Amino acid sequence: MKNESKKATRTISQIEKGTVIDHLNPRVVFEVVRILGIDDQIEETVTVGTNFQSKALGKKGIIKIADRFLTQEDVDKLSVISPNATVNIIEDYEVKKKFKVKFPEEVKAILKCPNPNCVTNVEGTESRFKLVQESPILLFCIYCERYMRGNEIEIR
Amino acid sequence: MSTFLGRSIISMRDFTRDEILHVLEVTAVMDREPEKFAGSLPGKIFATLFFEPSTRTRLSFESAMLRLGGKVMGFADPGSTSTKKGESLADSIKIVESYADLIAMRHPVEGSARLASEIADIPILNAGDGANQHPSQTFLDLYTIKQEKGRLENLKVGFMGDLKYGRTVHSLAHALGRFNCELYFVSPKGLEMPSDLLEELAKAGVAFREFENFESAKGSLDILYVTRIQRERFGADLDYDKVREGYNISKSFLEGCNPDLRILHPLPRVDELSEEVDSTPYAIYFRQAANGIPTRMALISLVMGAVS
């Protein structure tokens, strides 16, 4: 772990077991909180930090969730919203596994199609996009068959 | 090639090159000997759900089913349906699928046919979903071209008119790209081919060019696909009357063109295609419209398992 990152993670309390999501785009930290279903009903200990200094990103956000490991769906959602994020799995205060999120081949339900006349918007049904290209990001709506670029990505 | 039995016909993107050719072969058989298939779907019920009016497509689907010995029911206009009362598309489809064996659906919303096919256990034939796809039209366009030229490969195909919103143009261009055709596009400013689609063609290695007009290319064109420039697409910034002047195919256009040129049009036409062209050997658009019957007979027969 780099020094600046160590400092940032030390600022918020350490967890014995659970997940640390690091290198989040600070603009979407609270969006990630929302899509992970972290609300006032949650039982686990959660720490949310944002605007930490980061050499690579300028500024970054961190979310620590005690006693919870992300599902594949959580990771997929995270990768769409913050493609630079890293996920650390913590056991006994140690990082047991660390990985950078990867954009999923198919994105279900979480994105809004930019085409207002797409059936997913008109009928309010689940959206589905296929990943055509990762960089720059290009998605394809399997319903209206329009392409969506990175700047058009909007979470539902 | 996967079987067509039970399959929905939603988008040309769902079909491989071999599958497209197979549909055209079955269409040719239906075209040659329609009487052989007259009783092939007895007792089968075909629902035609037209949430947006389209007389030609609906009648041609219904005629195709009647010729196969099946029965038809449906509506031509959503005015009298539960959709007007706020029923979801999903509910409408669930109800109708319990009444019928097969559904053809035209709907103004893009992606509605795909959604319907996910809901229904019976096949859905997309008869047009907004500006997106109209696959039976594309199959009949391809069949007409193959019938005239004896092949789909290596043709020079021009597209003229509203190329931005014209879904028939998009899916035909996409399909012809798989047959190594060279594509030429001519359209008024503001109604050009969508850049996403051009990028997709380029990625697939399809050769295409955009022209101001067809004067320099008409000597070598094999096929010219003309579409209507729709008045409703023009805002205050574009003068419909001025724009359409340059987009008219008349007898004078035909001077100097490839003598084997064939002109297609999905119809209805307004004045982009003069009636004086109708009696020339170049005009094949009425035959193209008639090909809707064997094409739709073929699609219905394939998904219902009357042919394989």
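Residues numbered from 1 in each chain as written. Chains lettered and ligands numbered in written order. Predicted model: local features only at pLDDT ≥ 70, side-chain atom pairs only at ≥ 80, totals over all residues.

With that settled, the discussion passes to the environment of E35 of chain B. Take E35 of chain B: it is sitting in the loop between α1 (17–32) and β1 (45–50). In the structure, E35 of chain B is positioned 133 residues away from T168 of chain B in sequence and 30 Å away in space, judged by C-alpha atoms. (Helix = DSSP H or I, 4+ residues; strand = E, 2+ residues; numbered from the N terminus.)

All names here are of chain A. Strand order in the open sheet formed by 5 strands is β2-β3-β1-β4-β5, and the pairing between neighbours is antiparallel. Edge positions in the sheet fall to β2 (46–54) and β5 (94–100), since each has one partner strand and no second. Taken over all neighbouring pairs, the strand axes of this sheet differ in orientation by 20° on average, direction set aside. Summarising the sheet, strand β4 (residues 86–91) and β5 pair through 6 bridges and their orientation is antiparallel. Bridge pairing in β5 links I90 to V95. (Pairing = 2+ DSSP bridges. Axes fitted to C-alpha atoms, helices over the stretch in contact; angles between N-to-C directions.)

Turning next to the confidence of the model for chain B. Considering every residue of chain B, the mean pLDDT works out to 93; 96% of them sit at 70 or more. Of the two predicted TM-score estimates for the complex, the pTM is 0.89 and the ipTM is 0.92. (pLDDT = per-residue confidence, 0-100.)

Residue and element names in this part refer to chain B. Burial runs high along helix α6 (residues 167–177): 11 of the 11 residues are buried. Residues R167, T168, V169, H170, S171, L172, A173, H174, A175, L176 and G177 constitute the buried set of α6. Those residues of α6 hidden inside the fold are in contact with α1, α5 (135–149), β5 (156–160), β6 (182–186), α7 (195–203) and β8 (223–226). (Buried ≥ 20, exposed ≤ 12 C-beta atoms within 10 Å, placed from the backbone. Contact = placed C-beta atoms within 7 Å.)

Taken residue by residue, the interface counts 14 residues in chain B and 14 residues in chain A. No other element matches helix α4 (residues 112–119) of chain B, which puts 3 residues into the side of chain B that touches chain A. Considering only residue class, the side of chain B that touches chain A consists of 3 nonpolar, 7 polar and 4 charged. (Nonpolar A, V, L, I, M, F, W, Y, C, P; charged D, E, K, R; others polar.)

The next subject is the sheet that holds strand β4 (residues 124–129) of chain B. Two pairing modes exist for strands in a sheet, parallel and antiparallel, and in both the strands are linked by backbone hydrogen bonds. Residues and elements named next belong to chain B. Strand order across the open sheet formed by 4 strands is β2-β1-β3-β4, with parallel pairing between neighbours. Both edges of this open sheet fall to β2 (71–75) and β4, since each of them pairs with a single strand only. Between one strand axis and the next, the sheet turns by 15° as a mean value, whatever way the strands run. Together, β3 (102–107) and β4 form the strand contacts of α4, whose direction differs from that of β4 by roughly 160°.

Below, the discussion takes up the domain arrangement of chain B. Residue and element names in this part refer to chain B. Domain boundaries assigned for chain B yield domain 1 (12–133 + 292–304) and domain 2 (136–289). Measuring from the centre of the C-alpha atoms in domain 1 to the corresponding centre in domain 2 gives 26 Å. Contributions of two or more residues to the side of domain 1 that touches domain 2 are made by α1, β4 and α11 (292–304). Residue contributions to the side of domain 1 that touches domain 2 peak at 5 residues, all from α1. A breakdown of the residues in the side of domain 1 that touches domain 2 according to their chemical character gives 8 nonpolar, 5 polar and 2 charged. (Domains from an automatic or database assignment.)

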